[in-house]
Amino acid sequence: MAERRLPKFLAAAFKIKPGEARLALLLFAYFFLITAPYNIIKSLRDASYLEDIGPDFLPFAYASVIVVGLAVSLQARLQTRLSRRALLLGTLAVSVMANLVFWGLLRADHHWKGWVFLYWMWANVLVVALTTQFWILVNDLFNPREAKRLIGFFGSGGILGGVAGGLLTGFAAGWLKDAHDLLLVSAVLLVAAFLVVRRLVAGRRPAAGEDAAVGDEPASPHAAPAKVGFWDCARSVRQSRYLLLIAAVVLTTGIVSTLIDWQSKKLIAQASESAAWNLTSFFGFANSAFLVLAFLLQLVLTSRFIERFGIRIGLMIYPLALLLLSLGAVLMQGFAAETLTAGTAGLGVAIGLKGSDKALSYSISQSARELLYIPVVPELKYRAKIFIDMFLNRFSKALGGLVLILVFAFTGLSLTKAAAASLTPITEISPAQIAAGIVAMAFIALWIGFNVLLGRAYVREVRLQVAKKWERPDVIVSERMDVETAKLIVDALESRSQSPTLFALHLYDLARRKKLTPEVKSLLLPPPVELPPGAVPAVLESPGADDAALSPEMDQEIREVLALPSYQKLMGEYAEGVLEGRGGGDTAKMELAKAIGLMDRGSPLAGRLEEFLEDASPEVFQFAAQSAGRLKDRAFVPALVRRLADPLSRGDARAALEKYGESIVGTLSDFLADRSEGPGVRGPVASLLAGIGTAEAAEVLLDELSRGAGDLGAEIIDSLDRIRSRNPAIDFPEDSVKARLGDALDALGPVRAAADVLPVFRLLGLVYDHEDVFRAYQSLLKGTRDSVGYAVELLDQTLDPDLKSRLFPKLESLAPRGAAPESRT
Amino acid sequence: MVIEKREKNNVVIFDIEGEIRRSDITDVTLHQLVKDELELGRKQILLNFEKVDFIDSFGVGEILASYISTHNLGGKLKLARISKKLFLIFQVTMLTKVLDIFDEEDLALRSFLKE
């Protein structure tokens, strides 16, 4: 089907991207066409019940919704046996037929009151089935980021449908001889919904590797067990702490909503008794008004609010608003009863409570709650939604009804008397009404507590959806591999044919480090004909045996020999000859450079190491640098730093300087700040500071970054990230890092690949949870629609609003555009 | 430690027996014996370690001091039949680069003749 284009202003207002318009419009229409008939049905339901049965019997109607459990169970069974397509279309078809049946039953002049009670129950089943299926479809089709962006648009469709249905009811109830004829209109709307759903799911089959979320195949073909019934769904929820928290929130929300519904309906019935209104028309208009308010909230506020403040704050708005209004209602009912304006005040309370409940429930709360399911894996999500949304949501209303019955019992309200007597005037507020308000506030407090826990759990769940733990490869290598020993063994192998002395020095070095294991000895033992007699050091002559040659006593003896003045004098003369080129060549220099590392820092020969560090030969420098790293004489540092510019010697110089540790941070800082040193020196110095990894080293790097860093910005940011990776406990100054983040974001051009934003993520990792930030980055690198969506979602829960507003627009371009949302199904 | 002196082909040979260690210092040290010979004008000296069981850093110091004294007077001091352990110490300390070390006494004596 050709892609439809939305008017530009609409696409911009609802942030609909190219390729999403068709799907967005169909979902908008679908939601519209199920909420419009529902509002007709509901207005008729409420009016019929209050007129035919009475408000004090509402708790029984509320409690009756337990029957929804049966419908849920049936739906769960059908879901595993039918494709999503068949389920969606079948439910709509059954709804149309039920509408026609109740139209026939209720339009009779003296219909049985039991039909009204049955009609109430059916209306409850209808709304649960239709709305749950709609949201499951949304969850199937979009990742969290897309859903969060588009939910305002879909939600608006639902609210507009409700408003239209309510207005139609409000006007038509006054014109029609029998308001129940409106059921025919709702049947027509449901037929239209049927046609829209057919378009939505037409010809859709799961792409390779995707869940069969929508289409002709049963849902989740890979994971779906042969039978998933109601109890399977309940078990799935019980086994997940996160889903249990969602369930707890839904349960308390339902109880509170029921208590508020009764309070408002009781007041409305009292007012209606005095003024003889057409209740169907009143509920139609009231429901429309409430939904207009909800629509405005949804249109203007919901997406922006959730995007800016996140789901956690979004969850809090609804209960906090109801808490304040309930408190106001209790106080007003208590005081206003004695006044002349009590009737108006009572009706105002009723409309205020119900209006807030409806408006917030259908806008911010609904959107936030649906987003809570997004980090749940699809198989579990379907089961959880069946249990929570279709059963528990209804059960909570039943529980609300039972709470009300208990409130009546404690406040002495007799239902027998209530049935016999006419309603009291609205100015007579009963103790049951005040008690219901107080109990509602207690449940709201509990609800807020669950929301706090749920908000925290949500972040944990999103974190699980993104890439696994991020670890820098260079940090892994440095932490898990003994690179120095590996190099020493290679050096020893090379020296076998080069110099027996150098070979012996390497072996001794290995032995001192306790690395001369039998395996290493076997590796180093040369073939018998390779070396001349006497060239094989005694230490290797019995490979596999820890002979006396490696004893601590012998080690001590060698150290003592090296410290002998006679030795120093003799070898000093030898060294002079070698350095003056009077024999031995580079090999002799290498031997001496290596041997000096075994001596004390204060020995005369150690003082000559600087001359070896200046030697042009990289091999000589290699051993001199190793010795310098051992002796750690600060006099050697400048020679080592200068050698960083030489690619052949850089690694050795760096390894030696790292051995000095934090004692040379100041010297390195001078080199880093000195712009006359080329990037060949300053870059490795930055990396070296990262290797040292102390808070002081980090401060030096940040200072240099704040000075502009010349052309070293990326290297310095990488170095800071290394420090953070290795030492998570180091606190980086937040103000300074955020200022640098601002600079990095300003300098960031169009983002074509995740690697473009790597420096930004490295800076983010300095002041936010490093693991979360790089999990998100890994997901961006993965580059699929969902991985990018989850990455942004995780960052959404982590970063400050200001940073999000600057970073997210750049990240949105990383989601593959080739795959339009439709193709996901 | 017992040190016997003999002479062959104008080379003074010191046969050393036992252990050369700091704790067994005798009135006359190896270095003193070498210096005595140097004062007598005998500048070709061979130290035979065939019967040496142990030598510590003090013993190595005696050898080095003897070598330096001989070298300063233009003489030659060589070593023969040192243990594998002592050879390793000399290798690690690079003394093999400075000292003349031979597996056999005859080889050492022949090297004096060549010079």
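Criteria and thresholds
- Residues numbered from 1 in each chain as written.
- Chains lettered and ligands numbered in written order.
- Predicted model: local features only at pLDDT ≥ 70, side-chain atom pairs only at ≥ 80, totals over all residues.
- Helix = DSSP H or I, 4+ residues; strand = E, 2+ residues; numbered from the N terminus.
- Contact = placed C-beta atoms within 7 Å.
- Nonpolar A, V, L, I, M, F, W, Y, C, P; charged D, E, K, R; others polar.
- Buried ≥ 20, exposed ≤ 12 C-beta atoms within 10 Å, placed from the backbone.
- Pairing = 2+ DSSP bridges.
- Axes fitted to C-alpha atoms, helices over the stretch in contact; angles between N-to-C directions.
- Expected span 1.5 Å × (residues − 1).
- Arc of directions from axis to C-beta.

Caption draft 1: Spatial organisation of the overall build of chain B. Scanning chain B for helices and strands turns up four helices and five strands. Across chain B, helices and strands are ordered from the amino to the carboxyl terminus as β-β-α-β-α-β-α-β-α.

Caption draft 2: Spotlight on the interface of chain A and chain B. Each partner contributes to the interface: chain A provides 28 residues, whereas chain B provides 21 residues. Looking at the side of chain A that touches chain B, the elements that each hand over two or more residues are helix 18 (500–512), helix 20 (552–563), helix 21 (565–579) and helix 22 (585–596) of chain A. In terms of residue class, the side of chain A that touches chain B is built from 20 nonpolar, three polar and five charged.

Caption draft 3: The arrangement of unusual backbone geometry in detail. All names here are of chain B. At Arg81, a residue that is not glycine, the phi angle is positive and equals roughly 55 degrees. The topology assignment puts Arg81 in the loop between strand 4 (76–80) and helix 3 (84–92). The exposure class assigned to Arg81 is partly exposed, which follows from the 19 C-beta atoms found within 10 Å. Its identity is not glycine, yet Met94 carries a phi of approximately 65 degrees, on the positive side. Relative to the helices and strands, Met94 resides in the loop between helix 3 and strand 5 (100–102).

Caption draft 4: View of the sheet that holds strand 2 (residues 11–20) of chain B. Residue and element names in this part refer to chain B. Spatially, 1-2-3-4-5 is the arrangement adopted by the five strands of the open sheet, whose pairing is mixed. Two strands lie at the open edges of the sheet, namely strand 1 (2–8) and strand 5, each paired on one side alone. Strand-to-strand twist in this sheet, taken as the mean axis angle between neighbours without regard to direction, amounts to 25 degrees. Note that strand 4 and strand 5 share three bridges and pair parallel. Bridge pairing links Leu79 to Ile101 in strand 5.

Caption draft 5: Highlighting helix 31 (residues 734–747) of chain A. Residues and elements named next belong to chain A. With 14 residues, helix 31 should reach 20 Å at 1.5 Å per residue; the first-to-last C-alpha distance of 20 Å fits that figure. If you check which residues of helix 31 are buried, you get Val737, Arg740, Leu741 and Ala744. All buried residues of helix 31 lie within an arc of 110 degrees about the axis, which places them on one face of the element. Along helix 31, exposed side chains directed more than 90 degrees from the buried face belong to Asp735 and Asp746.

Caption draft 6: Seen up close, helix 30 (residues 713–726) of chain A. All names here are of chain A. A rise of 1.5 Å per residue sets the reference length of helix 30, with its 14 residues, at 20 Å; its end C-alpha atoms lie 20 Å apart and thus fit the reference within 8%. Of all the 14 residues making up helix 30, 11 are buried; the element is thus mostly covered by neighbouring parts of the structure. Those residues of helix 30 that sit buried are Glu715, Ile716, Ile717, Asp718, Ser719, Leu720, Asp721, Arg722, Ile723, Arg724 and Ser725.

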